[in-house]
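Report on the structure
Spelled out from the first residue to the last, the chains are:
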Amino acid sequence: MGYRPTHTGITGPGSRPLPRRPIGRGADDGGAGPCVVPDWKRKRRHIMSEAQSAPSSGLAADSPRDGDAARHAGTARVKRGMAEMLKGGVIMDVVNAEQARIAEDAGAVAVMALERVPADIRAQGGVARMSDPDMISEIVAAVSIPVMAKARIGHFVEAQVLQALGVDYVDESEVLTPADPHHHIDKWKFTVPFVCGATNLGEALRRLAEGAAMIRSKGEAGTGEVSNAVVHMRTIRAEIARLSALPAEELYAAAKELRAPVDLVTEVARLGRLPVVLFTAGGIATPADAALMMQLGADGVFVGSGIFKSGDPARRAQAIVEATTMYNDPDVLVKVSRGLGEAMVGINVSELPPAARYADRGW
Amino acid sequence: MSGPRIGVLALQGDVREHARALAAAGARPVEVRRVAELDEVDGLVLPGGESTTIGRLLRVFALLEPLRERVLAGLPVFGSCAGMILLARDVVDGRPDQPLVGGLDMVVRRNAFGRQVDSFEADLDVVGVPGPPVHAVFIRAPWVEKAGDTVEVLARVAEAPVAVRQGSLLATAFHPELTGDFRVHRLFVDIVRSSGSGR
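Since the structure is predicted, the reported quantities are computational estimates derived from the model, not experimental observations. (Residues numbered from 1 in each chain as written. Chains lettered and ligands numbered in written order. Predicted model: local features only at pLDDT ≥ 70, side-chain atom pairs only at ≥ 80, totals over all residues. Heavy atoms only, no water.)

1. A few points about the overall build of chain B
Helix and strand counts for chain B come out as six helices and 12 strands. Taking 2.2 N^0.38 as the reference for a compact globule, 199 residues should give roughly 16 Å; the C-alpha atoms of chain B span a radius of gyration of 15 Å, in line with that estimate. Its C-alpha atoms give chain B principal-axis dimensions of about 40 × 40 × 30 Å. Expressed as a percentage of the 199 residues in chain B, the buried residues total 65%. Put simply, chain B shows about 6,600 Å² of open surface, and 50% of that area lies on carbon and sulfur atoms. With 23 positive and 25 negative side-chain charges, chain B shows a separation of 4 Å between the mean positions of the two kinds. (Helix = DSSP H or I, 4+ residues; strand = E, 2+ residues; numbered from the N terminus. Rg over C-alpha atoms; globule rule 2.2 N^0.38 Å. Buried < 20%, exposed > 50% of the residue type's maximum accessible area, 1.4 Å probe, protein only. Areas by Shrake-Rupley, 256 points an atom, 1.4 Å probe, with all protein chains shown as cover. Lys, Arg positive; Asp, Glu negative; His and termini not counted. Charge placed at Lys NZ, Arg CZ, Asp CG, Glu CD.)

2. Quick notes on the interface of chain B and chain A
It is common to give the size of an interface as the accessible area that goes away when the parts come together. The partner chain A presents 63 residues to the 48 residues of chain B that form the contact. With both chains or domains summed, chain B and chain A bury close to 4,500 Å², and 55% of this area falls on carbon and sulfur atoms. If you sort the residues of chain B by the area they bury against chain A, R115, V117 and E121 of chain B come out on top, with a joint share of 17%. The tally of links between chain B and chain A comes to eight salt bridges. Where E104 of chain A meets R95 of chain B, a salt bridge forms, and the shortest distance between an N and an O atom there is 2.9 Å. Along the contact surface separating chain B from chain A lie 27 residue pairs in polar contact (both at pLDDT 80 or more). Residue assignment for the side of chain B that touches chain A shows that the elements contributing at least two residues are α1 (15–24), α3 (51–60), β7 (120–124), β8 (134–138) and β9 (143–147) of chain B. By residue number, the principal contributor to the side of chain B that touches chain A is α3 of chain B, which donates five residues. Grouping the amino acids of the side of chain B that touches chain A by side-chain chemistry returns 17 nonpolar, 13 polar and 18 charged. In terms of strand pairing, strand β1 (residues 72–73) of chain A meets β7 of chain B through two bridges, oriented antiparallel. Bridge pairing in β7 of chain B places A73 of chain A opposite F120 of chain B. (Contact = heavy atoms within 4.5 Å. Buried area = accessible area lost by both parts, 1.4 Å probe. Salt bridge = Lys/Arg side-chain N within 4 Å of Asp/Glu carboxyl O. Polar contact = N/O pair within 3.5 Å; in protein donor to acceptor, adjacent residues only side chain to side chain. Nonpolar A, V, L, I, M, F, W, Y, C, P; charged D, E, K, R; others polar. Pairing = 2+ DSSP bridges.)

3. Digging into the pattern of salt bridges
The full count for this structure, using the stated rule, is 31 salt bridges over all chains. The partner of R193 of chain B in a salt bridge is D190 of chain B, and the shortest N-O contact between them spans 3.9 Å. In this pair, R193 of chain B and D190 of chain B are both assigned in helix α6 (residues 183–194), three residues apart and thus about one turn of the helix distant. On the basis of relative accessible area, R193 of chain B is assigned to the partly exposed category, the value being 43%. Among the ionic contacts, a cluster of salt bridges with common partners joins E84 and K87 of chain A together with R16 and E17 of chain B.

4. Considerations on the nonpolar core
One finds L243 and L274 of chain A together with L58, F138 and V162 of chain B to be the most contacted residues of the largest nonpolar core, which totals 152 residues. When neighbours within four sequence positions are excluded, F138 of chain B is seen to be in contact with F113, S119, F120, L124, V157, V162, A173 and F174 of chain B. Within the second largest apolar cluster, 22 residues are counted, among which are M82, M85, A213 and F279 of chain A. (Core = buried A, V, L, I, M, F, W, Y, C linked by side-chain atoms within 4.5 Å.)

5. Focus: the side chain of R183 of chain B
All names here are of chain B. Here R183 lies in helix α6. Residue class for R183 comes out buried when judged on its relative accessible area of 15%. Within the structure, R183 has its side chain in polar contact with the backbone oxygen of P130 (distance 2.8 Å). Setting aside residues up to four positions removed in sequence, R183 forms contacts with V129, P130, G131, P132, P133 and V134.

6. A closer look at the UniProt feature "binding site: L-glutamine" (unreviewed entry) in chain B
Here the UniProt-annotated "binding site: L-glutamine" (unreviewed entry) positions come out as G49, E50, S51, R110, I139 and R140 of chain B. These annotated residues cover 92 residues of sequence, and their C-alpha atoms lie no more than 12.7 Å from one another, placing them together at a single site. Looking at the secondary structure, you find G49 of chain B in the loop between β3 (43–46) and α3. Setting aside chain neighbours within four positions, we find G49 of chain B in contact with M85 of chain A together with Q12, G13, I54 and A82 of chain B. Those residues in contact with S51 of chain B, other than ones at most four positions away along the chain, are A82, I85, L86, Q98 and R110 of chain B. Of the polar contacts made by the side chain of S51 of chain B, one reaches the side chain of Q98 of chain B; its length is 2.8 Å. (UniProt positions renumbered as here; feature names shortened; annotations may be inferred.)

7. Considering a negative patch on the surface
Residue and element names in this part refer to chain A. Taken together, the side chains of E115, D132, D134 and E138 make up a negatively charged region of the molecular surface. Along the chain, D132 falls in the loop between α4 (118–124) and α5 (133–142). The class for D132 is partly exposed, based on a relative accessible area of 38%. (Patch = residues over 30% accessible without salt bridge, like charges linked within 9 Å, V, L, I, M, F, W, Y side chains within 5 Å.)

8. A closer look at α3 of chain B
Counting buried residues in α3 of chain B gives eight out of 10 residues, a clear majority hidden from the surface. Those residues of α3 of chain B not exposed but buried are S51, T52, T53, I54, G55, R56, L57 and L58 of chain B. For α3 of chain B, the elements touching its buried residues are α3 (97–106) and α13 (313–325) of chain A together with β1 (5–9), α4 (64–72) and α5 (82–87) of chain B. Where α3 of chain B terminates, the next one or two residues include A62 of chain B, which has phi positive at roughly 55 degrees.

9. A short note on the packing of aromatic side chains
The final tally for this structure, using the stated rule, is eight aromatic pairs over all chains. Plain terms: the ring middles of F113 of chain B and F120 of chain B are 5.3 Å apart, the flat faces sit at 70 degrees to each other, and that makes the pair edge-to-face. Ring geometry for F120 of chain B versus F138 of chain B: centroids 4.6 Å apart, planes at 10 degrees, classification stacked. Remark: F138 of chain B occurs in strand β8 and F120 of chain B occurs in strand β7; sequence separation between them is 18 residues. When sorted by exposure, F120 of chain B lands in the same class as F138 of chain B, which is buried. Just above the ring of F120 of chain B sits the side chain of R71 of chain A; from NZ or CZ to the centre is 4.6 Å. Residue placement shows R122 of chain A over the ring face of Y358 of chain A; its charged tip is 4.0 Å from the ring centre. (Phe/Tyr/Trp six-rings, centres within 6.5 Å; stacked < 30°, edge-to-face > 60°. Lys NZ or Arg CZ within 6 Å of the ring centre and 35° of its normal.)

So this is what it looks like as structure tokens:
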């Protein structure tokens, strides 16, 4: 078992792309070509070569391949590993460079660049799309931490654009208006890793089968109401516990019920958890909300509208970061919860008409 | 049979993977979030994660000075990726106010290999790790830009040092905790054992 690397082949100038080999699938998926957008990588390689020509050792390296074995980028281990490094951290929605700086100052492990926070998408309506590339580039330039950005469900060209922009993680997100009512993006085709939302285990495993390297609960974004995130987290946890208790011969029928590949189902049953990082998202508005989700088993927290729709974003951002680290320490939680000013007003999820529920988007 | 008690700084990052690797390498791992927990350990791992976040939390939770004192007093420490940055004397391409623990006489370049799309895996020979090459996972990884005379370079990628040791301080730009090959952790457990503070 374990990981099988998915080579997308950027082992160096002039090298041949290696065949991709998805995890959790028995064979090559056949036919998909090399990674679509190599320009950024070439650019980086050029920058790297320049940087390497002047290290203090005085040993100029004219090629990044000198003296070491082939490098493999875009592998499943590298994609999933990136998410492992975000654990215990908070990823914050930002709509401009200034918000991104506030988030970084507060101790965010990454920022999520988007055009409008979910609360505004709800309020203003209309079609929600990938952000303006200029805005993403400004955010990338403004902060030193990883930058994520959202693509519409099924909109693989938006994802190609985000990869070419040098974004570190793509969120195939139900918060944006879905572009394809049947198919999600084939995420194996990309070097950039993807995070996807899930309301239950079957949905999470379908996203993994498509190549997602990180899962988050869907919550109900833009409401400031945490109940859906709680339900998703409890559901996923309970379904995993149930799988782990099943005898091996019953996993086949379980896979059928979950509408998920049997080898992924078997892997989850054996591990007792998802084979990737599981964050929480949707409706987190206070330090206590973040700690609640961590105690329910989340590996980390996405905060959307909860920070920049509140009275004092910088303080609230710091408080949520500290609460996420010390989620088990009520004394710290008391301290960080004081004096934060107004939380976002929020919307009760039960009052939302079905068409306004983002968590139902995705299949 | 009880191995040395080795802490994993658990403010943010891939704490679980390091704890698992330490256990497999014969140590007793414990999570460290408070000074009292830091006082109890014979060695410490600074995990992979976001170095600016971990540094800020070290300051917020008043762990930075106690940790610096223990490092000065000879506490064995192993840092991977963000942990390597935290052990450096200085950082290039970091944030100007980024808190560092220090201890290792080196300057590192943060995100030296590029962004996530440039993250990669490669096989490396690492000095002090016997057997076949170590399969190394680099994720938005740093490299060592400048190292003092007392710093031994254990491995390089394209001439840039990516694994170093100075006495009982060990640092890698890659993530040995992610591969299931625990030889680097075994090397660190041996360093802790031979540093003699075994309780």
